[in-house]
Amino acid sequence: MTVHFIGAGPGAADLITVRGARTLAACQVCLYAGSLVPRELLAECPPGARLVDTAQLTLDEITAELVAAHEQGLDVARLHSGDPSVFSAVAEQMRRLDAAGVPYEVVPGVPAFAAAAASLKRELTVPTVGQTVILTRVAQRATAMPEGEDLATLGRSGALIVLHLAAGLVDRVVGELLPHYGADCPAAVVAYASRPDEVVLRGRLDEMAAQVKAAGIQRTAVIIVGRTLGAEQFRDSHLYSAERDRHAC
């Protein structure tokens, strides 16, 4: 028996990977984040599978479900929104499974920031404009940020920044980034990326707070700020350059 941590993707049911869907179809137990994972995906589970919505469960209760399935010799799909590698809270689940001697694997998924970039029709890394992407969040009622990872510090780099779980704090986000990025820096907010009710906002950094409030966006959104969002004049990538030596190692 194995616990399979599966990235369900950003919202659209058909953005789960082929491996994720096949794994889901082979598991007799499925634990899923009901408030975030599309219900259509549950149709991939085999007939008679035990389906457990974890939205109202504690970490200990989730762990107990995983361990109980292990003791029954059942494979478990643990569906997380987006990709398990970013803001998924799988680390503490893995730690508990390690302590309990329960085996597990991870099936990656499409992260929210990638779906947002697709909706914006933008590459987040553009030659000579920006080659760094910072994925972060801000602390409010959630776990405190480590020292040196506050927006004021990260913003000094000027790199494109993607903020998760921050739409409800947009005034604070804009206020802390303005000194480093400038009022005219391109910015965007994508809520419910890839879903039928997706909302896409574009504009200057100093316009974002008003746009977010007017649209009524408070959660399930990413805020993206950086010069690559508006880049038009830039050098072509060396990857496909005629001057590149394609025989070099």
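See above for the structure.
Residues numbered from 1 in each chain as written. Predicted model: local features only at pLDDT ≥ 70, side-chain atom pairs only at ≥ 80, totals over all residues. Heavy atoms only, no water.

Chemist: So what exactly am I meant to see when it comes to the sheet that holds strand β7 (residues 160-164) here?
Modeler: As summarised here, the arrangement of the five strands in space is β6-β7-β10-β8-β9, forming an open sheet in which the pairing is mixed. The sheet is open, and its two edges are formed by β6 (133-136) and β9 (199-204), each paired on a single side. For this sheet, the mean angle separating the axes of adjacent strands, direction not counted, is 15°. (Pairing = 2+ DSSP bridges. Helix = DSSP H or I, 4+ residues; strand = E, 2+ residues; numbered from the N terminus. Axes fitted to C-alpha atoms, helices over the stretch in contact; angles between N-to-C directions.)

Chemist: Just checking my understanding: could you explain the environment of T228 for this structure?
Modeler: Following the sequence through the fold, T228 ends up in the segment after β10 (221-225). For the pair T228 and Q28, spaced 200 residues apart in sequence, the C-alpha separation works out to 45 Å. Of note is the side chain of T228, whose polar atom sits 3.1 Å from the backbone oxygen of L124. (Polar contact = N/O pair within 3.5 Å; in protein donor to acceptor, adjacent residues only side chain to side chain.)

Chemist: Explanation requested: helix α7 (residues 208-215) in the structure shown.
Modeler: Helical geometry note: an α-helix holds 3.6 residues per turn, so side chains three or four residues apart project in the same direction. Every buried residue belonging to α7 is among M208, A209 and V212, and all of these are buried. Down the axis, α7 shows its buried residues gathered within 100° of arc, on one side only. Structural note: α7 exposes A210 and A214 on the side pointing more than 90 degrees away from its buried face. In this structure, the buried residues of α7 make contact with α6 (170-181), β8 (186-191) and β9. G216 sits one or two residues past α7 and shows a positive phi near 70°. (Buried < 20%, exposed > 50% of the residue type's maximum accessible area, 1.4 Å probe, protein only. Arc of directions from axis to C-beta. Contact = heavy atoms within 4.5 Å.)

Chemist: Quick question: what am I supposed to make of helix α2 (residues 59-71) here?
Modeler: Between its first and last C-alpha, α2 extends 18 Å over 13 residues, near the 18 Å set by a 1.5 Å rise per residue. Of all the positions in α2, only I62, T63, L66, V67 and A69 are classed as buried. Buried positions in α2, seen along its axis, are confined to an arc of 160° and lie on one side of it. In α2, those exposed residues whose orientation departs by more than 90 degrees from the buried face are D60 and E71. Residues of α2 that are buried in the fold lie against β1 (3-7), β2 (29-32), β4 (76-80) and α3 (90-100). (Expected span 1.5 Å × (residues − 1).)

Chemist: In this structure, what is going on with the nonpolar core? I would like to understand it.
Modeler: Grouped together as the largest cluster of nonpolar side chains are 28 residues, with contacts concentrated most on L177 and V225. Looking at this core element by element, the count peaks at five residues for α6. Not counting chain neighbours up to four residues away, the residues in contact with L177 comprise L151, G155, I161, L163, G182, L205 and V225. Among the nonpolar cores identified, the runner-up in size contains 17 residues, and I16, Y32, L41 and A49 belong to it. (Core = buried A, V, L, I, M, F, W, Y, C linked by side-chain atoms within 4.5 Å.)

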